[in-house]
Amino acid sequence: DLGTTITSVDWSAEGNYIVTGGNGPATNYDEVTILNYDEGSVDLISTESANYGNFVYAVAWNPDDETLAVSGYGPTDGSNIKLFNFRHPIVEENVGARMEFGETVRTSAWSKDGSLFAIAGVDENLDTVLQLYAFDGSKLTLTYEIDWIPQVVNSMDWSHNGNYLAFTVDQGSAQVAYVY
């Protein structure tokens, strides 16, 4: 049982783990679950879980296979963005890497080499914002912010060379894709 709602899923770079994020079905359930995937088996084995708070919108596995970014709303400690270290099979929060974002982080993506991280959501003024961070292996540093986005960013992904970020925006009657 992975909860009442699953909003995000991501594969590890090696392809032997899956992380899910969402909402637990009741108290004492964690919002982040790591599953072991074995090609020779039909079963996914839950290896570890982590508490986030109320609701996880996005989980993103860094290509280093050791860092998980988890974001959403209503975290237990007020930090919308959390990094977790995954040391097969133990997952521990990197408390020094907690970051405030505002109201809600809706989506996130690591660059293909893991050196850049993008997040989008709603800030404390209820404006849609997309932020780009540099990652040094242990912490995120804000490098750029795009604040002209008219509506909610639904999804994003980096180009394979890491030079471009594509994202989709819900503009009411139209769904629009941008490349930045």
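Before any of the text, the structure's been laid out above.
**Q** Would you take a moment to explain the overall build of the protein for this structure?
**A** Secondary structure assignment for the protein yields zero helices and 15 strands. Counting every position in the protein, which comprises 180 residues, the buried fraction comes to 43%. Carbon and sulfur atoms make up 46% of the accessible area of the protein, which amounts to about 9,000 Å² in all.

**Q** Which parts of the structure should I look at to understand the sheet that holds strand β11 (residues 128–135)?
**A** Ordered by their spatial adjacency, four strands build an open sheet running β9-β10-β11-β12, and the pairing between neighbours is antiparallel. Each end of this open sheet is capped by a strand with a single partner; those strands are β9 (104–110) and β12 (140–146). On average, each strand axis in the sheet is tilted by 25° relative to the strand beside it, whichever way the strands run. Sheet topology note: the strand β10 (residues 116–122)/β11 ladder contains seven bridges and is antiparallel. Bridge assignment links Gly-121 to a residue of β11, and that residue is Val-129.

**Q** Could you clarify how one ought to interpret a negative patch on the surface in this entry?
**A** Where like charges cluster on the molecular surface, the negative patch consists of Glu-124, Asp-127, Glu-145 and Asp-147. Of note, Glu-124 is situated in the loop between β10 and β11. For Glu-124, a relative accessible area of 55% translates into the label exposed.

**Q** What's the story with the nonpolar core in this structure? I'm lost.
**A** Looking at soluble globular proteins, one finds that nonpolar side chains tend to be buried together. Grouped together as the largest cluster of nonpolar side chains are 15 residues, with contacts concentrated most on Ile-81, Leu-83, Trp-110, Phe-117, Ile-119, Tyr-133 and Leu-140. Going through the elements one at a time, β7 (81–87), β9, β10 and β11 are the ones with two or more residues in this core. Counting residues per element, this core draws most heavily on β11, which supplies three residues. Ignoring anything within four residues of it in the chain, the contact list for Trp-110 reads Ala-60, Trp-61, Asn-62, Pro-63, Thr-67, Ala-69, Leu-83, Leu-116, Phe-117, Phe-135, Leu-140 and Trp-158.

**Q** Help me out: how do you make sense of unusual backbone geometry in this one?
**A** The general pattern is negative phi for most residues beyond glycine and trans for most peptide bonds. Even without being glycine, Asp-65 reaches a positive phi, approximately 65°. Take Asp-65: it is sitting in the loop between β5 (53–61) and β6 (67–75). You will see that Leu-126, though not glycine, has its phi angle at about 65°, which is positive. Within the secondary structure, Leu-126 sits in the loop between β10 and β11.

**Q** What is the right way to look at the packing of aromatic side chains in this model?
**A** Aromatic ring pairs are described here by two measures, namely the spacing of the ring centres and the angle between the planes. Counting across every chain of the model gives ten aromatic pairs. With 5.6 Å between their ring centres and 90° between their planes, Trp-61 and Phe-86 make a pair best called edge-to-face. Linking Trp-61 in strand β5 with Phe-86 in strand β7, this pair joins segments that are 25 residues apart in sequence. On the basis of relative accessible area, Trp-61 is assigned to the buried category, the value being 5%. Judged by relative accessible area, which is 0%, Phe-86 ranks as buried. Measuring from centroid to centroid gives 5.4 Å for Phe-167 and Tyr-178, while their planes differ by 25°, and the two rings are stacked.

**Q** What is the right way to read the environment of Tyr-133 from this model?
**A** Here Tyr-133 lies in strand β11. Accessibility expressed as a relative area gives 2% for Tyr-133, which makes it buried. A sequence separation of 18 residues divides Tyr-133 from Ser-115, and the C-alpha atoms of the two residues are 8.4 Å apart. Ignoring anything within four residues of it in the chain, the contact list for Tyr-133 reads Ile-81, Met-99, Ser-115, Leu-116, Phe-117, Ile-119, Leu-140, Thr-141, Leu-142 and Thr-143. A polar contact is formed between the side chain of Tyr-133 and the side chain of Gln-131, at a distance of 2.5 Å.

So, how was this worked out
Residues numbered from 1 in each chain as written. Predicted model: local features only at pLDDT ≥ 70, side-chain atom pairs only at ≥ 80, totals over all residues. Heavy atoms only, no water. Helix = DSSP H or I, 4+ residues; strand = E, 2+ residues; numbered from the N terminus. Buried < 20%, exposed > 50% of the residue type's maximum accessible area, 1.4 Å probe, protein only. Areas by Shrake-Rupley, 256 points an atom, 1.4 Å probe, with all protein chains shown as cover. Pairing = 2+ DSSP bridges. Axes fitted to C-alpha atoms, helices over the stretch in contact; angles between N-to-C directions. Patch = residues over 30% accessible without salt bridge, like charges linked within 9 Å, V, L, I, M, F, W, Y side chains within 5 Å. Salt bridge = Lys/Arg side-chain N within 4 Å of Asp/Glu carboxyl O. Lys, Arg positive; Asp, Glu negative; His and termini not counted. Charge placed at Lys NZ, Arg CZ, Asp CG, Glu CD. Core = buried A, V, L, I, M, F, W, Y, C linked by side-chain atoms within 4.5 Å. Contact = heavy atoms within 4.5 Å. Phe/Tyr/Trp six-rings, centres within 6.5 Å; stacked < 30°, edge-to-face > 60°. Polar contact = N/O pair within 3.5 Å; in protein donor to acceptor, adjacent residues only side chain to side chain.

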